[in-house]
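# Observations on the three-dimensional arrangement
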Amino acid sequence: MKQLRTIFVGVGGRGRWPLENATPERGFTPAALVDPSTPNLESAKELVGDLPAFADLAQALAQVDADAVIICSPTIYHVPLSKQALAAGKHVLVEKGMAPDLTAARDLVATVEASGLACSVAQNYRYHTMERTIGRLLHEETDPHYLGQPYLIEYVQHRVRPEPRTLTYPYASLWDMSCHHFDTLHYWLGAGFQDVAGCAYAAPWSAYEHPNNTSFHLRHERGCQIVYTHTHDAAASDLRIRVHGERGACFVDGTAIRFSPRPNANFAANQWED
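A quick note: this is a predicted structure, and the numbers were derived from the prediction, not measured. (Residues numbered from 1 in each chain as written. Predicted model: local features only at pLDDT ≥ 70, side-chain atom pairs only at ≥ 80, totals over all residues. Heavy atoms only, no water.)

## Overview of the overall build of the protein
What the protein contains, in helices and strands, is 7 helices and 13 strands. Counting all 274 residues of the protein, 44% fall into the buried class. Expressed as a percentage of contacts within the protein between residues at least 6 apart in sequence, the contacts between residues at least 24 apart total 61%. Total accessible area on the protein stands at roughly 14,000 Å², and carbon and sulfur atoms take up 53% of it. Computing the positive centroid from 23 side-chain charges and the negative centroid from 30, the protein places the two 3 Å apart. (Helix = DSSP H or I, 4+ residues; strand = E, 2+ residues; numbered from the N terminus. Buried < 20%, exposed > 50% of the residue type's maximum accessible area, 1.4 Å probe, protein only. Contact = heavy atoms within 4.5 Å. Areas by Shrake-Rupley, 256 points an atom, 1.4 Å probe, with all protein chains shown as cover. Lys, Arg positive; Asp, Glu negative; His and termini not counted. Charge placed at Lys NZ, Arg CZ, Asp CG, Glu CD.)

## Section: the environment of Ser 178
As for its placement among the helices and strands, Ser 178 is situated in helix 7 (residues 172-189). In sequence terms Ser 178 and Gly 97 are 81 residues apart; their C-alpha atoms lie 7.8 Å from each other.

## Considerations on helix 6 (residues 129-139)
Counting along an α-helix, one turn takes 3.6 residues, and residues three or four places apart therefore face a common direction. Three or more residues of helix 6 are buried, namely Met 130, Glu 131, Thr 133, Ile 134, Gly 135, Leu 137 and Leu 138. If you follow the buried residues of helix 6, they end up packed against strand 7 (150-158), helix 7, strand 11 (238-245), strand 12 (248-253) and strand 13 (256-261).

## Details of the sheet that holds strand 3 (residues 53-54)
One open sheet accounts for 6 strands, arranged 3-2-1-4-5-6; its pairing is parallel. What marks the edges here is a single partner per strand, and that holds for strand 3 and strand 6 (119-122). Packing of helix 2 (residues 38-48) onto the sheet brings it into contact with strand 2 (28-34) and strand 3, and relative to strand 2 it is tilted by some 165°. (Pairing = 2+ DSSP bridges. Axes fitted to C-alpha atoms, helices over the stretch in contact; angles between N-to-C directions.)

## Considerations on the side chain of Asp 35
Within the secondary structure layout, Asp 35 lies in the loop between strand 2 and helix 2. Although Asp 35 lies buried, it forms no salt bridge, and the closest oppositely charged side chain, Arg 16, sits 9.7 Å away as judged by the N-O distance. At 2.8 Å, the side chain of Asp 35 and the backbone nitrogen of Ser 37 are in polar contact. A polar contact is formed between the side chain of Asp 35 and the side chain of Asn 40, at a distance of 3.4 Å. When sequence neighbours within four positions are dropped, the list of residues in contact with Asp 35 reads Gly 10, Val 11, Gly 12, Asn 40, Leu 41, Phe 54 and Ala 55. (Salt bridge = Lys/Arg side-chain N within 4 Å of Asp/Glu carboxyl O. Polar contact = N/O pair within 3.5 Å; in protein donor to acceptor, adjacent residues only side chain to side chain.)

## Section: the pattern of salt bridges
Counted under the stated rule, the structure contains 8 salt bridges. The partner of Arg 126 in a salt bridge is Asp 183, with the nearest N and O atoms 2.9 Å apart. With Arg 126 in the loop between strand 6 and helix 6 and Asp 183 in helix 7, the pair connects residues that are 57 residues apart, well separated along the chain. No difference in accessibility class separates Arg 126 from Asp 183, as the two residues are buried.

## Regarding helix 7
Between its first and last C-alpha, helix 7 extends 25 Å over 18 residues, near the 26 Å set by a 1.5 Å rise per residue. Its axis deflected by about 60° at Ser 178, helix 7 carries its strongest bend there. Here helix 7 lies mainly inside the structure; 14 of its 18 residues are buried. Two residues or fewer after helix 7 comes Gly 190, characterised by a positive phi angle close to 85°. (Expected span 1.5 Å × (residues − 1). Bend = angle between axes of the 7 residues up to and from the residue.)

## Re the pairing of strand 11
In this structure, strand 7 lies alongside strand 11, joined through 8 bridges in antiparallel fashion. Within the sheet, the bridge partner assigned to Pro 150 lies in strand 11 and is Gly 245. One ladder, built from 5 bridges, connects strand 11 with strand 12; its direction is antiparallel. In the sheet register, His 244 faces strand 12, and the bridge partner there is Ala 249. Hairpin remark: strand 11 followed by strand 12, antiparallel, with 2 residues in the connecting loop.

## Some points on the side chain of Asn 212
Looking at the secondary structure, you find Asn 212 in the loop between strand 8 (193-201) and strand 9 (213-220). Since its relative accessible area comes to 2%, Asn 212 is described here as buried. With sequence-adjacent residues up to four places away left out, Asn 212 is seen in contact with Leu 167, Ser 173, Tyr 201, His 232 and Asp 233.

## Thoughts on the packing of helix 6 against helix 7
It is the contact of helix 6 with helix 7, at a shortest axis distance of 9 Å, that shows an interaxial angle of 25°. Relative to helix 7, the element helix 6 is oriented roughly parallel. By crossing handedness, the relation of helix 6 to helix 7 is classed as right-handed. Every residue of helix 7 that contacts helix 6 at Glu 131, Arg 132, Ile 134, Gly 135, Leu 138 and His 139 is listed here: Thr 184, Tyr 187 and Trp 188. Of the residues assigned to the contact of helix 6 with helix 7, the class counts are 4 nonpolar, 3 polar and 2 charged. (Parallel < 35°, antiparallel > 145°, perpendicular 65-115°, else oblique. Left-handed = near helix turned anticlockwise from the far one by under 90°. Nonpolar A, V, L, I, M, F, W, Y, C, P; charged D, E, K, R; others polar.)

Written out as structure tokens, the structure is:
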């Protein structure tokens, strides 16, 4: 396995997650640590060894030979740090949310496309078992539960997250979940989303300063309609996904996936198969 010599930016709090998972066994060789906090750097060294440590990324890029940069800083720094790494010729994995607003996101996309380098936003769900199973039902005609052409996807998730933590900027919930849910929809349907109508709303009892719940109606050029709802400080957590196709429907409730062939009678009872 090719090893990517990697600079880790932001190694406290959430930043320990990539340190624990981007390991040599998975193709990453830690090359340097970057964090303005000395205690964070010292704690990270206890985990990965006595690596070169820097207060800012520019110093690390100038002094350390590396292939990639993993950025786990606060969201407001994601775009400038990513652009800095790309300008130095490094591939980038940047933690969600990708950017604090749409203008900054477009700026980063343009920089990536001009660079010819890879820049990915963590963490994609498209490699998880549930998402890949639905992908198989949509893409593989030989599967006995093949759905055929999809025409409706209902995607609903509620999460109990009463503490804002890092979600303290406008539309933070949308940016936080886009790398999960909207990337998954892109994986299932491919490019070609044409119309988007959405809203963000707050609750009077919520601790979040900005509207933290979102709902969307999207239309794909393949004829599929998507109804999406996500709340980030709900009273109960659950996940429900239903995909209707020309041959039947699949339904996700939590982690279980069931399939029902299309009935030929009005109001027929569901014929769910695990």
